[in-house]
Amino acid sequence: MKTKVKAFFIFLIFLIGISVFISWNDAVATSADNTVYSGVISIDSFVQLQVVIDPPLGMPGDTLNLQVSAKNNDNITHTPHISIQLPSHISVQSNVLPAGATRHFQTNTLTWRPVLSANGGAQQFVLPLRVDTIDVTNPEQMITAVLDVNHFDQQAETAIWIGLPPQIDTIVLPEPIAVGLPVQLRGITSGSDPIAQSWSLGDDRQVNVNNPVVVFPAVGVYELGLEASNAVGSSFASQQITVVPHPASQFTIDDDTPGLGQPVTFTNESGGQPPLSYTWDFGDGHVSSELNPVHQYQTPGVYDVRLVVENEYGHSETFWPVTVGQPPLVDMQLGDPVPVGQPLPGQAFGDESITEFLWDMGDGSSETGAQIAHIYRRSGDFYVSLTAVNDFGTTQIGRWIHVDPGALSLYLPIVMSPANSPPEGTANGDPFALTLDPVELEAPFVMQPMELPAATSKAEALLIYINEARRQFNLSPLNYVYELSVAAQKHTTDMSVYHYTGHTGSDGSFPAERLLWNGYAGAYAGEATAWGFEHAYQAVEFWVNSPDHRRIILNQWATDVGVAFTQDYTAPNVWYWTSEFGNSFGEVTSPLLRVQTPAPDLEVLNTDLVTYSWNWPMPLASGEQFGVYVIDEDGQETALGVLAAPTHGTLYRFQGAFIDATERTGLFEWVIRLENNGASVLESDPRPMSVSWNPDLPTPTPELEATIETVLPTATAVATPTPVRMHPTVTPRPTNPPPPVLVTATPVPTTEP
């Protein structure tokens, strides 16, 4: 691998008319526009919450107003639990807290339990906040609001900016500044970032870039001005500079550690009053008078490259050392052929210049380091390549190896249960449930505690004990997969937060769906959960002794695993464990659109709020959204609403009344449709629904058919006046609760050995 020299400046002769350069090597502070920080949090549900920080910008000593309002759109009274997490630098006057509000001093959290009456009941309060201190390095602070209604949490946040106005300490300029030479202007500032700089160059040019690189095209004295600004203020400073005609030698190299025979490009960035002459000495006996020469070295060594620039005012020279070397010498040794599931050892050899060994194992996986031990998951011939890297290039060699069939040489497909009937022995209706062969035990299984390093996490210990149990049953170890562990951790946390145990998530998701949601690219091979066990070996011992869990833990076709642990002393079972299993060679589960509510043949009034809910286990791509549609007996389709994001996990929930979209009544079918930029991707099976006109509403105006009279009438007909429709207060039906969680197996803690 060749080490590239980063070009800090780009040379450009001023004669082509472009005289401003921008360098991105320094962090560029974008303009601190007040509109970026809205200070508003909105959570829309059957209980609406809005939190406003006004203003969303502040300095020490400032007072900010916290405005909180809550409104109940449901037809029953609610007492939501609202918590607002404030930055530690902001204080609250506890003596002015509203009724039902408390403050937690250690966490600087406000909690509020307002009583909101049904059908539009609302409460609000305004609370002054004081900015006591700031974090100079992190002025952007987050405020988080959590709305908990009947243990259904929704969370949102907003950013505010608390900091100090900028000060310009000094302007740093190089000396001397030659005409046509790229120079960097630096403003040393203090205050809270981001600080934006605006430079006036004294020749009618304005550069709104931090620490820019510029070229002055003419000799003279220039008055530089610098304005520094952030979200709460600005400051200004100026300084004179003198641009001289004398030459200034400067250049860069695209690679100052090239290999033998490698073309090296030298970029001239010199300045001075034209005409200029250039003399390059590459240190190996070769010279050049070109503006930007390219040179190749034929012998290893260290060379001092010299550039001399001359004009009528004098000459200037500069040096740059170049180290020329050769790619590394490398060899490798592989172990004897091994069966599938057994580690193949590999050893790399090379000279002292090597900085990295990279292995391509020929099966789509890679390894690093001088020593490796790779496990193949299928038999066959594989070409193993080894790449050695040093500062001057790379060298690659390769060998063919053969992997014999072994315990994992055959991968049977996962047997899926029919979608319309749960597998035998299950009661949760999981359409993705597995059918696995039972594994018999001759005697109760005992997992002995192992001596693990002190820094081993609970999840790591779980992985170790799972593979130890498989070893005792002559099964290959499972590969740790990040995506599986993410799915496991989310489910483990979900169980502790929502106080349940089992395999159906609080959002109604099934294990295979959670693997899809988190991006696992293999087949679902089972999920094991446990609770109430403090140590990982106890959970694994329980799993192996449980017939339903044993067939998952000891599944010979599983190749991958993800592990997770959650400890929560506020949860009923304190300790929660989850393991997700996968087969990297199996077919990925096809996503299924699962409609939850309402049930078929629902009968409603056209003013009733109906809750439509469904599960979709894939994150929506850009341009995708779900639509809720109804189709009447004439085939006319009407959109009730759209959702572009899930309500909770994989669960989507939409509430709407027919009268908000159409005045038609009668028999309808409704569907949930996934769309991409307006085009239908898939939709649910239609479900029938009967909609009646609310008798409390006035009768709608009938549609009169026009008729053509062949005889002139003797009197003009007077149309019946259109009645004015009055909208009474509509009492929506309560939202259907999520389906109950069904526990598949209740663990019994094992006595400590």
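Above this text is the structure in question.
A. Quick peek at the overall build of the protein. Within the protein, the regular secondary structure consists of five helices and 49 strands. Counting only residues that meet the buried cut, the protein has 46% of its 753 residues in that class. Accessible surface, the protein: about 37,500 Å² in total, of which carbon and sulfur atoms supply 53%.

B. Spotlight on helix H2 (residues 482-498). Taking 1.5 Å per residue as the helical rise, H2 with its 17 residues ought to reach 24 Å, and the 24 Å between its terminal C-alpha atoms agrees with that figure. Elements in contact with the buried residues of H2: strand E37 (479-480), helix H3 (511-517), strand E38 (523-531), strand E39 (560-567) and strand E40 (575-583).

C. Region of the structure containing the packing of aromatic side chains. Summed over all chains, the structure comprises 23 aromatic pairs. Seen in terms of ring centroids, Trp 616 and Phe 626 are 6.2 Å apart; in terms of plane orientation they differ by 75 degrees. Their pairing is edge-to-face. Separated by ten residues along the polypeptide, Trp 616 in the loop between strand E43 (610-615) and strand E44 (624-632) and Phe 626 in strand E44 bring together distant segments of the chain. Overall, Trp 616 belongs to the buried group, its relative accessible area being 5%. Grouped by ring-pair contacts, the aromatic residues Phe 251, Phe 266, Trp 280, Phe 282 and Trp 320 constitute a single cluster.

D. Here's a closer look at unusual backbone geometry. Cis rather than trans, the peptide bond between Asp 54 and Pro 55 has omega equal to -5 degrees. Structurally, Pro 55 can be placed in the loop between strand E3 (47-54) and strand E4 (57-58). The omega torsion across Asp 193 and Pro 194 is 0 degrees, close enough to zero to call that bond cis. Looking at the element boundaries, Pro 194 is found in the loop between strand E16 (186-190) and strand E17 (196-200). Positive phi, close to 45 degrees, is recorded for Asn 211, a residue that is not glycine. Position of Asn 211 among the secondary structure elements: in the loop between strand E18 (206-207) and strand E19 (213-214). A relative accessible area of 11% means that Asn 211 is categorised as buried. Even without a glycine there, the phi angle at His 499 is positive, about 60 degrees. Note on placement: His 499 falls in the loop between H2 and H3. Its relative accessible area of 47% is what places His 499 among the partly exposed residues.

E. View of the pattern of salt bridges. Considering all chains together, one arrives at ten salt bridges under this definition. Across the pair Arg 471 and Glu 468 runs a salt bridge, and its minimum N-O distance is 2.7 Å. With Arg 471 and Glu 468 both in helix H1 (residues 458-472), this residue pair falls three residues apart, about one helical turn. For Glu 468, a relative accessible area of 15% translates into the label buried. Each member of the salt-bridge network shares a partner with another, and the members are Glu 637, Arg 673 and Glu 683.

F. Spotlight on the side chain of Glu 624. Positionally, Glu 624 belongs in strand E44. Put simply, Glu 624 is tucked away with no salt bridge, and the nearest opposite charge, on Arg 673, sits 13 Å away. Within the structure, the side chain of Glu 624 is placed 2.9 Å from the backbone nitrogen of Ala 621, a separation counted as a polar contact. When sequence neighbours within four positions are dropped, the list of residues in contact with Glu 624 reads Pro 619, Leu 674, Glu 675 and Asn 676.

G. Here's a closer look at empty space enclosed by the protein. Inspection of the entire model under this criterion finds three cavities of 30 Å³ or more. Within this model, the largest cavity holds a volume of roughly 40 Å³. Counting only elements with at least two residues in the lining of the largest cavity, the list comes to strand E6 (81-85), strand E9 (109-112) and strand E10 (122-131). Of the residues in the lining of the largest cavity, the class split is nine nonpolar, one polar and no charged.

H. How the structure looks around the packing of H1 against helix H4 (residues 536-545). In contact at an axis separation of 8 Å, H1 and H4 are set at 40 degrees when each is read in the N-to-C sense. In this view, H1 runs oblique relative to H4, as classed from their interaxial angle. Crossing handedness for the pair H1 and H4: right-handed. Mapping the contact onto sequence places Lys 458, Ala 461, Leu 462, Tyr 465, Ile 466 and Ala 469 in H1 and Ala 536, Tyr 537, Val 540, Trp 543 and Val 544 in H4. When its residues are assigned to classes, the contact of H1 with H4 shows ten nonpolar, no polar and one charged.

How each quantity is defined
- Residues numbered from 1 in each chain as written.
- Predicted model: local features only at pLDDT ≥ 70, side-chain atom pairs only at ≥ 80, totals over all residues.
- Heavy atoms only, no water.
- Helix = DSSP H or I, 4+ residues; strand = E, 2+ residues; numbered from the N terminus.
- Buried < 20%, exposed > 50% of the residue type's maximum accessible area, 1.4 Å probe, protein only.
- Areas by Shrake-Rupley, 256 points an atom, 1.4 Å probe, with all protein chains shown as cover.
- Expected span 1.5 Å × (residues − 1).
- Contact = heavy atoms within 4.5 Å.
- Phe/Tyr/Trp six-rings, centres within 6.5 Å; stacked < 30°, edge-to-face > 60°.
- Salt bridge = Lys/Arg side-chain N within 4 Å of Asp/Glu carboxyl O.
- Lys, Arg positive; Asp, Glu negative; His and termini not counted.
- Polar contact = N/O pair within 3.5 Å; in protein donor to acceptor, adjacent residues only side chain to side chain.
- 1 Å grid on protein atoms, 1.4 Å probe; cavity = no way out; pocket = protein on both sides within 12 Å on 5 of 7 lines; lining within 4 Å.
- Points joined across faces, edges and corners; volume = space filled by probe spheres on them.
- Nonpolar A, V, L, I, M, F, W, Y, C, P; charged D, E, K, R; others polar.
- Axes fitted to C-alpha atoms, helices over the stretch in contact; angles between N-to-C directions.
- Parallel < 35°, antiparallel > 145°, perpendicular 65-115°, else oblique.
- Left-handed = near helix turned anticlockwise from the far one by under 90°.

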